[in-house]
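Observations on the model geometry
For reference, the chains in residue letters:
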Amino acid sequence: MLIDRAKQWLNPSRRSDVPPFMVMDVMAAAARIEAAGGRVVHMEVGQPVASAPATAIAAAQAALVSGRVGYTAALGIPSLRVRIARHYAEVYGVALDPERVVVTTGSSGGFILAFLALFDPGDRVAMASPGYPPYRHILTALGCEPVLIETGEETRWAITPQALLEAHRAKPLKGLILASPANPTGTMMTAAALRAVVNAAEGEGIRVISDEIYHGLDYAFPAATAAGCSEQALVINSFSKYFCMTGWRVGWMVAAADMVRPIERLQQNLAISVPTLSQVAAEAAFDGREEMEAVKHGYEANRQILLGGLPRAGFEHILPVDGAFYLYADVSRFGGDSLDFAKRMLEEAGVAATPGVDFDPVHGKDFIRFCYAGSADEMYEAVERISDWLRRG
Ligand SMILES: Cc1ncc(COP(=O)(O)O)c(C=O)c1O
């Protein structure tokens, strides 16, 4: 009896009860098909198939050979912070004090630091729906309240000042997460749209976090950084996507000057520092931009293959394919929901994609996300397989 009662204290915490990432289930189903000898075109996971820049790999190898790999400063290797600050001058024409740059364990590590540094339990933080699920799941685990703002075609799938202020008036917000290019939609905000919503938020004392992880992968127009609109906005970025370094787990933040010390204290306690070899590689990655631009041109070609082929296969409604490497398509006309559609497309056509329910609890049942970070041959194969499958009915 006593033991039974004691056992109930051994349960996982309520805050750990966050939903799983559905894409992992699709990956597992695809792996089962492959284990049984089947062929699958993978378009479900949002990661590049290319390797890190050769410059990054060489730098990590040299650092490894030199022997000792110790901790670094909690905020990151100073020369890497300086190099990241230079990147803002080079790419956006924004002068940045390297003291405002914090190196993080991927952008995922950046979110935890940012949310802990900026918000208290109970704080309400707005974000677009559809959107990247971990924003809301991390906030929930930290005791904050995610507030989903529905977006649609008329606003290019982005949060507008009006929508933000409406949500804020209904119940005050403490924060706002923006992402451009966005996941899963692949849509982007123009520089003017970004500036307008940052100004509207900050005018109401709402802290902006701008997830710029897909910067560099912009096709419709150049992506603008929130660091160019405001010194208060907290910018999050990563080496995972443009630099093809997902497994290296290294990213960065640009924080307001007065937020750096609180973030440093958190980082010291939570992680001590970011993996040293990854930081060394990251600094050298900036010298590999030519190689990464070639990878980006590959995505652009893939995007054209899908934009040509999927409408012919019957996809009538595809969101603007502005950036990142995602194409978000309406599948409601094919009957059933997107989870069912993704399952059937995997089993019957051998193409794995992610159902929108991961990204949007309300309308996600109508959408599916294709990742086009694979090879051109895979894109042609996917279009052919999907067309044949839909034709067969
Ligand atoms: C929008 C967005 N933000 C952040 C991340 C996390 O990336 P990482 O932790 O590898 O930097 C991802 C990964 O898919 C993403 O799509």
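Refer to the structure printed above.
Residues numbered from 1 in each chain as written. Predicted model: local features only at pLDDT ≥ 70, side-chain atom pairs only at ≥ 80, totals over all residues. Heavy atoms only, no water.

With respect to the site of the ligand
Test applied: Any residue with a non-hydrogen atom lying within 4 Å of a molecule or strand is treated as near it. The definition of a polar contact used here is a pair of N or O atoms within 3.5 Å, where within protein one atom must be able to donate a hydrogen and the other to accept one, and adjacent residues in sequence count solely through side-chain atom pairs. Here, Shrake-Rupley sampling with a 1.4 Å probe gives the accessible areas, and only protein chains in the shown set may cover a residue.
Around the ligand sit 14 residues, and of these S108, D211, Y214, S238 and S240 come closest. Within the side chain of S108, a nitrogen or oxygen atom sits 2.5 Å from an oxygen atom of the ligand. R249 is positioned such that a nitrogen or oxygen atom in its side chain is 2.7 Å from an oxygen atom of the ligand. Isolated, the ligand exposes 400 Å² of accessible area, and the fraction of that covered by the protein chains is 91%.

A look at the packing of helix α5 (residues 106–118) against helix α9 (residues 257–270)
What counts, and what does not: Axis lines are fitted through C-alpha atoms, for helices just across the contact stretch, and the angle between N-to-C directions can take any value from 0 to 180 degrees. Secondary structure is summarised from DSSP: a helix means a run of H or I of at least four residues, a strand means a run of E of at least two, and numbering begins at the N terminus for each. Our angle categories are set so that under 35 degrees counts as roughly parallel, over 145 as roughly antiparallel, 65 to 115 as roughly perpendicular, and the remainder as oblique. The crossing is said to be left-handed when, going from far helix to near helix, the turn is anticlockwise and less than a right angle, and right-handed when the turn is clockwise. Any two residues having at least one pair of non-hydrogen atoms within 4.5 Å are treated as being in contact.
At a minimum axis separation of 10 Å, α5 and α9 run at an interaxial angle of 125 degrees. Taken together, α5 and α9 sit at an angle that is classed as oblique. Between α5 and α9 the crossing geometry is right-handed. In contact with I112, L113, L116, A117 and L118 of α5, α9 contributes M259, I263, L266, Q267 and L270.

Structural notes on unusual backbone geometry
Which entries qualify depends on this criterion: Relative accessibility thresholds used throughout: buried, under 20% of the residue-type maximum; exposed, over 50%; partly exposed, between the two (1.4 Å probe, protein chains only).
A cis geometry characterises the amide bond from S129 onward to P130, with omega recorded as 5 degrees. In this fold, P130 is placed in the loop between β3 (124–129) and α6 (133–141). One non-glycine residue, W157, adopts positive backbone phi at about 60 degrees. Positionally, W157 belongs in the loop between β4 (145–150) and α7 (161–170). Positive phi values are uncommon outside glycine, yet A324 reaches one of about 60 degrees. The residue A324 is located in the loop between α11 (289–313) and β9 (326–330) in this model. For A324, a relative accessible area of 0% corresponds to the buried category.

Regarding the sheet that holds strand β2 (residues 101–104)
Going by this rule: Here a strand pair is declared whenever DSSP counts at least two bridges between the two strands.
With mixed pairing, the 7 strands of this open sheet are ordered in space as β2-β8-β7-β6-β5-β3-β4. Edge strands, defined here as strands with exactly one partner in the open sheet, are β2 and β4. Going across the sheet, the axis of each strand differs from the next one's by a mean of 25 degrees, ignoring polarity. Where β3 and strand β5 (residues 175–179) come together, 3 bridges link them in parallel fashion. Within β5, the residue paired with V125 across the bridge is G175. Where helix α4 (residues 78–92) meets the sheet, it contacts β2, β7 (234–238) and β8 (251–254), and its direction lies at approximately 115 degrees from that of β2. Its contacts with the sheet put α7 on β3, β4 and β5, and the angle it makes with β4 is roughly 140 degrees.

A few points about the pairing of β5
We count it as follows: Here a crossover is taken to be right-handed if, once the strands point away from the viewer, the path from the first strand over the helix to the second is traced clockwise.
Here β5 lies mainly inside the structure; 4 of its 5 residues are buried. Pairing of β5 with strand β6 (residues 207–211) involves 5 bridges; the strand directions are parallel. Looking at the pairing, I177 lines up with I209 of β6. Since β5 and β6 lie parallel, the crossover through helix α8 (residues 191–203) that links them has a hand, and here it is right-handed.

Some points on the pairing of β7
Among the 5 residues that make up β7, 5 are buried, leaving the element largely enclosed by the rest of the structure. Here β7 shows two buried faces, one formed by L234, I236 and S238 and the other by V235 and N237. As judged from the 3 bridges shared by β6 and β7, these two strands associate in the parallel manner. Across the sheet, D211 pairs through a bridge with I236, a residue of β7. As defined by bridge partners, β7 adjoins β8 across 4 bridges and the pair is classed as antiparallel. Paired with N237 across the bridge in β8 is W252.

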